[in-house]
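Structural features, examined
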Amino acid sequence: MIALGTQYSFQRFTVELKVEMVGIHEKRLRKCLSKLKGIEKVEVDANSQKVVVTGYAHRNKILKAVRRGGMKADFWSAQNELLNAYASASYGSLRFNNINFF
């Protein structure tokens, strides 16, 4: 129970998510997040599958909303950053038996 006269201090969050997106998932992602109250800004980087959400909604509610939209999502971690850097650096030089694929 909340006592009368208690003031809430709303904290602004910046939540980074790793969301598996293909095709038109960006539009569906934005639609899912637009239903949440307190979302101010959504930035989507489809290449690294990174979504940055800024607002007053709690991070667990944001993750739950994205998952409810049918997308696989998890919080972004330093491991994701390293994997993304490694994949982008070695992607252009993929070789198999001296045959270039890219």
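Residues numbered from 1 in each chain as written. Predicted model: local features only at pLDDT ≥ 70, side-chain atom pairs only at ≥ 80, totals over all residues. Heavy atoms only, no water.

The protein is annotated in an unreviewed UniProt entry as HMA domain-containing protein from Nyssa sinensis. Under the heading Subcellular location (unreviewed entry), UniProt records this for the protein: "Membrane". (UniProt positions renumbered as here; feature names shortened; annotations may be inferred.)

Structural notes on helix H1 (residues 25–34)
All buried positions along H1 are accounted for by His25, Leu29, Cys32 and Leu33. Down the axis of H1, the sector holding all buried residues measures 95 degrees, keeping them to one side. Facing away from the buried side of H1 by more than 90 degrees, the exposed set consists of Lys27, Lys31 and Ser34. Each element contacted by the buried residues of H1 is listed here: strand S2 (39–45), strand S3 (50–55) and helix H2 (59–68). (Buried < 20%, exposed > 50% of the residue type's maximum accessible area, 1.4 Å probe, protein only. Helix = DSSP H or I, 4+ residues; strand = E, 2+ residues; numbered from the N terminus. Arc of directions from axis to C-beta. Contact = heavy atoms within 4.5 Å.)

Here's the deal with the pattern of salt bridges
Applying the stated criterion to the full structure yields five salt bridges. The closest approach of N and O atoms between Arg12 and Glu40, which form a salt bridge, is 3.1 Å. Highlighted residues: Arg12 in the segment before strand S1 (13–19) and Glu40 in strand S2, separated in sequence by 28 residues. (Salt bridge = Lys/Arg side-chain N within 4 Å of Asp/Glu carboxyl O.)

Thoughts on the side chain of Thr54
Of note, Thr54 is situated in strand S3. A residue is classified by how much of its surface remains accessible, and Thr54, at 9% relative accessible area, is buried. Ignoring sequence-local partners within four residues, the contact set of Thr54 consists of Arg12, Phe13, Thr14, Gly38, Ile39, Glu40 and Lys41.

As for the nonpolar core
By size, the foremost hydrophobic cluster in this structure holds 16 residues, and its most contacted members are Leu17, Val19, Leu29, Leu33, Val51, Ile62 and Val66. Mapped onto this core, the elements with two or more residues apiece are S1, H1, S3 and H2. If sequence neighbours within four positions are ignored, Val51 has contacts with Val15, Glu16, Leu17, Val19, Met21, Leu29, Val42, Glu43 and Val44. (Core = buried A, V, L, I, M, F, W, Y, C linked by side-chain atoms within 4.5 Å.)

Observations concerning the pairing of S2
In the sheet, S2 pairs with S3 via six bridges, with the strands oriented antiparallel. If you follow Asp45 over to S3, its bridge partner there is Lys50. Taken together, S2 and the strand that follows it, S3, pair antiparallel across an intervening segment of four residues, in which Gln49 is found at a positive phi of about 55 degrees. (Pairing = 2+ DSSP bridges.)

Considerations on unusual backbone geometry
We note that Gln49 has phi near 55 degrees; this positive angle belongs to a residue other than glycine. Mapped onto the elements, Gln49 comes out in the loop between S2 and S3. Judged by relative accessible area, which is 22%, Gln49 ranks as partly exposed.

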